[in-house]
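# Chain and residue survey
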Amino acid sequence: MSLRKAYAATLQWLRVRRGLSQAELQDQADQAHISRLEASRTSASVDLSADLAQALGITPLSFLTLVTAAHGGKTARSALDETFKELQLLGVLDEELPQEPQKLIPPQSAAAAEKLRSVQELKEAGFSQVEASRQLDLPRSTVGRLWCTGE
């Protein structure tokens, strides 16, 4: 079963189990969108999934656990057991997680900054550009450009 179909089946199953009509979920999405979700003709965003879970009276984690279980043809318990083992193997069960993404420095920028730092250190140590080029195994033109950048 595709993940989209598992999502659709789980959403429909929970909605019916709770005795709700598609129209009663209109605060989260219009009835036509709910219908398309349940027919697996469209996908839901993370935010909509959280809103739908709340409207169905469960947490987003519980909702996605049920979707995952349906997708794998498993029970919710077995899906949770597998998830628990997986998170335990990763060593993140008791780790505090970030709530926002970090601003990461692209590897190319980090490498360029390291080259600049290395050239400037050799310059300050009294090396010539030619010696720095040999020491760092960089083209002389690169060393020359970085030599002047730090001034």
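It should be noted that the structure appears before, not after, this text.
Quick look at the structure, then. (Residues numbered from 1 in each chain as written. Predicted model: local features only at pLDDT ≥ 70, side-chain atom pairs only at ≥ 80, totals over all residues. Heavy atoms only, no water.)

### A word on a nonpolar patch on the surface
Side chains of Phe-84, Leu-87, Leu-90 and Leu-93 sit close together on the surface and give an oily, nonpolar patch of about 360 Å² of accessible area. Tracing the sequence through the fold places Leu-93 in the loop between helix H5 (76–90) and helix H6 (107–124). (Patch = residues over 30% accessible without salt bridge, like charges linked within 9 Å, V, L, I, M, F, W, Y side chains within 5 Å. Areas by Shrake-Rupley, 256 points an atom, 1.4 Å probe, with all protein chains shown as cover. Salt bridge = Lys/Arg side-chain N within 4 Å of Asp/Glu carboxyl O. Helix = DSSP H or I, 4+ residues; strand = E, 2+ residues; numbered from the N terminus.)

### Some details on the packing of aromatic side chains
Applying the stated criterion across every chain yields a total of one aromatic pair. Between the aromatic rings of Tyr-7 and Phe-63, the centroid separation amounts to 5.1 Å while the plane-to-plane angle is 90 degrees, which identifies the pairing as edge-to-face. Here Tyr-7 is found in helix H1 (residues 3–17), whereas its partner Phe-63 is found in helix H4 (residues 60–72), with 56 residues between them in sequence. By relative accessible area, Phe-63 is classed as buried at 0%. (Phe/Tyr/Trp six-rings, centres within 6.5 Å; stacked < 30°, edge-to-face > 60°. Buried < 20%, exposed > 50% of the residue type's maximum accessible area, 1.4 Å probe, protein only.)

### A look at the pattern of salt bridges
By the definition in use, this model includes four salt bridges. Put simply, Lys-74 and Glu-82 hold a salt bridge, and the shortest N to O gap is 2.7 Å. For Lys-74, a relative accessible area of 37% corresponds to the partly exposed category. On the basis of relative accessible area, Glu-82 is assigned to the partly exposed category, the value being 41%.

### Remarks on the packing of helix H7 (residues 129–136) against helix H8 (residues 140–149)
Across the interface, H7 lies against H8 with an axial gap of 9 Å and an inter-helix angle of 120 degrees. Of the two possible hands of crossing, H7 and H8 adopt the one that is right-handed. Of H8, the residues touching H7 (which contributes Gln-129, Val-130, Ala-132 and Ser-133) are Arg-140, Val-143, Gly-144 and Trp-147. Class assignment for the residues of the contact of H7 with H8 results in four nonpolar, three polar and one charged. (Axes fitted to C-alpha atoms, helices over the stretch in contact; angles between N-to-C directions. Left-handed = near helix turned anticlockwise from the far one by under 90°. Contact = heavy atoms within 4.5 Å. Nonpolar A, V, L, I, M, F, W, Y, C, P; charged D, E, K, R; others polar.)

### Quick notes on the nonpolar core
Core analysis: the biggest nonpolar cluster contains 15 residues, and Tyr-7, Leu-11, Ile-34, Leu-37, Leu-52, Leu-56 and Phe-63 have the highest contact counts within it. At the level of secondary structure, the elements contributing two or more residues to this core comprise H1, helix H2 (31–38), helix H3 (46–55) and H4. Setting aside chain neighbours within four positions, we find Phe-63 in contact with Tyr-7, Thr-10, Leu-11, Leu-14, Ser-49, Ala-53, Leu-56 and Ile-58. Judged by nonpolar contacts, the second largest core, of seven residues, contains Val-119, Leu-122, Val-143 and Trp-147. (Core = buried A, V, L, I, M, F, W, Y, C linked by side-chain atoms within 4.5 Å.)

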